[in-house]
There are 2 protein chains.
Amino acid sequence: MSKTRVVIAGYGNVGRGVRQALAKTEDMELVGIVSRTPDRVKKEVGDAIPVLPIADTAAWVAAFRPDVTILCGGSKQDLPQQGPELVQSVCTVDSFDNHSQMPEHFHAMDAAAKASGKVAVIATGWDPGIFSLERTLANAFLGVRAYGFYGMTEKGGLSMGHSDALRTIEGVQDARQYTHAIPEAVEQVRRGENPDFKPGDMHTRECFIVAKPGADLEKIRKTVVEMPGYFAPYKTTIHFVTQEELNSKCAGFPHDGLVIASGTTGEVHHSASVEYHCRWGSNPEATASVLVAHARAAARLFKAGRSGAFTSLDIPPAYLSPLSQEELLAHWM
Amino acid sequence: MSKTRVVIAGYGNVGRGVRQALAKTEDMELVGIVSRTPDRVKKEVGDAIPVLPIADTAAWVAAFRPDVTILCGGSKQDLPQQGPELVQSVCTVDSFDNHSQMPEHFHAMDAAAKASGKVAVIATGWDPGIFSLERTLANAFLGVRAYGFYGMTEKGGLSMGHSDALRTIEGVQDARQYTHAIPEAVEQVRRGENPDFKPGDMHTRECFIVAKPGADLEKIRKTVVEMPGYFAPYKTTIHFVTQEELNSKCAGFPHDGLVIASGTTGEVHHSASVEYHCRWGSNPEATASVLVAHARAAARLFKAGRSGAFTSLDIPPAYLSPLSQEELLAHWM
């Protein structure tokens, strides 16, 4: 059986993770990388993998003949523009994660993919993606809402978005933000209280900040805790550290999350609850692993004659698995 | 929009749970019950729900016009015979749970359903069913095996099969068996050791037995702990209790389970693990809730022109949800 030919579009942390995840599969192969900065990528990956400029779509599609292209760009700038363009030529998988723009992205990708006869798997990774699936299943089985908590581990979950927000503040040289779930809030959900939380009720935020020499620390602190949306609604702790401390204490991209739903079954209200907890030493590599499984599904959907946009909710789970139907029936049911 | 018309076939604990779960839905309605003992069922449910003999298939199909029939019989005797017969006339959903006979049941149902143009959703509930899905997803994302533990709670999980096995022993009047996960085994999996467990390494078994007057307790004890498959491989504890104690201490059907997989991502092996834990105050009602969601999916598959057998792995998760695609995109992704 020939392997599924995969191209990586965009080579940052997620793109690197996809390359490593593909290397562990037996049914898929990386046939090329496309990038806005191919020279930078060539320097990093060497001669083993061909790299072409992403703008020359016709050229790299002809050269690489991908079954699926995994879009590893960001949700703010890259995907809304790149996605509808590229799906005119190739099947795509993306990790679009702007929850409030989900319908728009779906419909833009769906229209473009239906017009070209291609498949666009959108918004996959662990959240959205796996968590969307777990929330929807919990609701389908228990008829209740599902809650998402992040940072259940002692260290907490590193939020790239909040770290970036800290780095925009005047006087900040570098920063990392860890999100922590509030244990009592988790327990409230576990007890089946189905509370109406405000954002600050579920999580706290812990910031490690390297200030520039001579910066006004009190002004930085005030700017952080008052930043609307990002920090203002939350109990926020700030640690000023040196760059060396940040580099050693805050290395890597750990993250974790919990989907939890608690309800009852039957007329006498027997308790019923489900919890899905994932812990990742590397958040971008976790996203990459889920993207690669969905690339497998995209290729299968296309082979089955399907076109248009699909989320994780629209894909039969067996399509994600490298195992055959007979193997799944015999050993995984 | 007209409601999905559902018939319950077989009215024991799971059938009762299905009736109660259907009452909580807005898109489905119970139109009738069929049973081998319709008089017994009529006495229990009164006039609110029509009850007909299951053997007169043509009569109840004409009377009830079901979109889906939920088969609530047992996996040993009922489903292998009933399933392929009934799916000649109606779309079915079952909770077949004999893991070793899964391929046979799938192929028997698939052939019969394809011949009649109906849909047969098989082997759903929380295990197999949700757990099959969670095992398969964990493997698709992390490339490792997934482990199943049962009885993580203090009380443990009530095993009907093992309770039944105890009641077959000479001198036993009544009995309940609770399964307990071995915490150290769970920790081994959490640490990513991917151990090769023998059955007795993962669980212990706790039996509450009411002996008949004058029975030889030591003989009962020996028969239990030496029973092949059921108890011999496990550390087994036995409590002899009175019927009153059993009735008060061992009421209901609590159960719970954990799917857990632990691996790594990337070249430097960042830790990566997922855990899915469900806790049910009533095991048969939990199974019923999952069956009802899959009945929704069966009706949708049939409307979409599909036929044949489907497991939880073959169904797009959105098909299980009462929510519309737009609602899912806007609020559940």
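For the rest of this paragraph, the subject is the packing of aromatic side chains. Residue and element names in this part refer to chain A. Under the definition given, this model contains 16 aromatic pairs over all chains. A centroid spacing of 6.1 Å and a plane angle of 90° characterise the contact between F131 and Y276, whose relative ring orientation is edge-to-face. Taken together, the positions of F131 in helix α6 (residues 130–142) and Y276 in strand β13 (residues 270–280) put the pair 145 residues apart, joining distant regions of the chain. In this structure F131 comes out as buried when scored by relative accessible area, which is 0%. For Y276, a relative accessible area of 4% translates into the label buried. When the ring of F149 is compared with that of F197, the centres are 6.3 Å apart and the planes differ by 75°; the resulting orientation is edge-to-face.

Attention now goes to the sheet that holds strand β12 (residues 255–265) of chain A. In spatial order, the strands read β7(A)-β12(A)-β13(A)-β13(B)-β12(B)-β7(B); together these six strands make up an open sheet with antiparallel pairing. Either end of the sheet is taken by a strand with one partner, and the two such strands are β7 (147–150) of chain A together with β7 (147–150) of chain B. Averaged over all neighbouring strand pairs, the angle between strand axes comes to 15°, with direction disregarded. As judged from the nine bridges shared by β13(A) and strand β13 (residues 270–280) of chain B, these two strands associate in the antiparallel manner. Considered in β13(B), the bridge of A:S273 is made with B:R279. Sitting on the sheet, helix α12 (residues 283–303) of chain B touches β12 and β13 of chain A together with β12 (255–265) and β13 of chain B, and the angle it makes with β12(A) is about 105°.

It is worth spelling out the sheet that holds strand β8 (residues 157–158) of chain B at this point. Residue and element names in this part refer to chain B. The four strands are arranged β8-β9-β10-β11 in an open sheet whose pairing can be described as mixed. Looking at which strands have only one partner, the edges of the open sheet turn out to be β8 and β11 (235–240). Where strand β10 (residues 203–211) and β11 come together, six bridges link them in parallel fashion. Within β11, the position partnered with T204 by the bridge is K235. This element, helix α10 (residues 217–225), spans β9 (172–181), β10 and β11 of the sheet and lies at about 150° to β11.

This next bit is on the interface of chain B and chain A. If you look at the interface, chain B gives 69 residues, while chain A gives 69 residues. Of the roughly 5800 Å² buried between chain B and chain A on both sides combined, carbon and sulfur atoms contribute 61%. For chain B, the biggest contributors to the area lost against chain A are B:F141, B:W332 and B:M333; these three give 15% of the whole. Counting across the interface, chain B meets chain A through four salt bridges. When the shortest N-O distance is used, the salt bridge between B:E267 and A:R19 registers 3.2 Å. If you look at where chain B meets chain A, you find 32 residue pairs in polar contact (both at pLDDT 80 or more). The set of elements that each furnish at least two residues to the side of chain B that touches chain A consists of α1 (13–23), α5 (102–116), α6 (130–142), β12, β13, α12 and α13 (325–331) of chain B. Split into classes, the residues belonging to the side of chain B that touches chain A amount to 34 nonpolar, 21 polar and 14 charged.

Here we take up the nonpolar core. Core analysis: the biggest nonpolar cluster contains 160 residues, and A:V18, A:W280, B:V18 and B:W280 have the highest contact counts within it. Beyond its immediate stretch of four places on either side in the chain, A:V18 contacts A:I8, A:I70, A:C72, A:A288, A:L291 and A:V292.

Right, let's get into the domain arrangement of chain A. Where interface size is quoted, it is often the accessible area lost as the parts come together. Residue and element names in this part refer to chain A. Domains assigned within chain A are domain 1 (4–128 + 284–331) and domain 2 (130–281). In this structure, domain 1 and domain 2 have C-alpha centres spaced 28 Å apart. On the domain 2 side, the residues contacting the 11 residues of domain 1 number 13 residues. Carbon and sulfur atoms supply 68% of the area that domain 1 and domain 2 bury against each other, a total of about 1000 Å² over both sides. Sorting the residues of domain 1 by area buried against domain 2 places W126, D127 and L313 first, and these three jointly supply 55% of that buried surface. At the boundary of domain 1 and domain 2, one finds one salt bridge. The salt bridge involving R135 is made with D127; its shortest N-O contact spans 3.0 Å.

Each copy of the chain is related to the other by a rotation around an axis and a translation along that axis. For the match of chain B to chain A, the screw axis carries a shift of 0.0 Å, the RMSD comes to 0.0 Å, and the turn is 180°. Classification of the inter-copy transformation places it as that of a two-fold axis. Most of the interface of chain B is mirrored in chain A, where 100% of its interface residues again form contacts.

Residue and element names in this part refer to chain A. For the pair helix α1 (residues 13–23) and helix α12 (residues 283–303), interaxial distance at closest approach is 8 Å and the crossing angle is 55°. Viewed along their axes, α1 and α12 adopt a mutual orientation that is oblique. The two elements α1 and α12 cross, and the hand of that crossing is right-handed. For the pair α1 and α12, the contacting residues are N13, V14, G17, V18, Q20, A21 and L22 in the first and P284, E285, T287, A288, S289, L291 and V292 in the second. For the contact of α1 with α12, the residue count by class is eight nonpolar, five polar and one charged.

This next bit is on the confidence of the model for chain A. Taken residue by residue, chain A gives an average pLDDT of 97. The fraction at 70 or more is 100%. If you check the scores for this complex, the pTM reads 0.96 and the ipTM reads 0.95.

Let us look at the pairing of strand β4 (residues 68–71) of chain A. All names here are of chain A. Alternating residues of β4 divide into V68 and I70 and T69 and L71, and every residue in both groups is buried. For strand β1 (residues 4–9) and β4, the ladder comprises four bridges, and the chain directions are parallel. In the sheet register, I8 faces β4, and the bridge partner there is I70. Of the strand pairs in this sheet, β4 and strand β5 (residues 92–94) are connected by three bridges, and their pairing is parallel. Looking at β5, one finds that T69 is bridged to T92. Each parallel crossover has a hand, and for β4 linked through helix α4 (residues 78–86) to β5 it is right-handed.

About the thresholds
Residues numbered from 1 in each chain as written. Chains lettered and ligands numbered in written order. Predicted model: local features only at pLDDT ≥ 70, side-chain atom pairs only at ≥ 80, totals over all residues. Heavy atoms only, no water. Phe/Tyr/Trp six-rings, centres within 6.5 Å; stacked < 30°, edge-to-face > 60°. Helix = DSSP H or I, 4+ residues; strand = E, 2+ residues; numbered from the N terminus. Buried < 20%, exposed > 50% of the residue type's maximum accessible area, 1.4 Å probe, protein only. Pairing = 2+ DSSP bridges. Axes fitted to C-alpha atoms, helices over the stretch in contact; angles between N-to-C directions. Contact = heavy atoms within 4.5 Å. Buried area = accessible area lost by both parts, 1.4 Å probe. Salt bridge = Lys/Arg side-chain N within 4 Å of Asp/Glu carboxyl O. Polar contact = N/O pair within 3.5 Å; in protein donor to acceptor, adjacent residues only side chain to side chain. Nonpolar A, V, L, I, M, F, W, Y, C, P; charged D, E, K, R; others polar. Core = buried A, V, L, I, M, F, W, Y, C linked by side-chain atoms within 4.5 Å. Domains from an automatic or database assignment. Least-squares fit on C-alpha atoms with pLDDT ≥ 70 in both. Parallel < 35°, antiparallel > 145°, perpendicular 65-115°, else oblique. Left-handed = near helix turned anticlockwise from the far one by under 90°. pLDDT = per-residue confidence, 0-100. Right-handed = clockwise from strand over helix to strand, strands pointing away.

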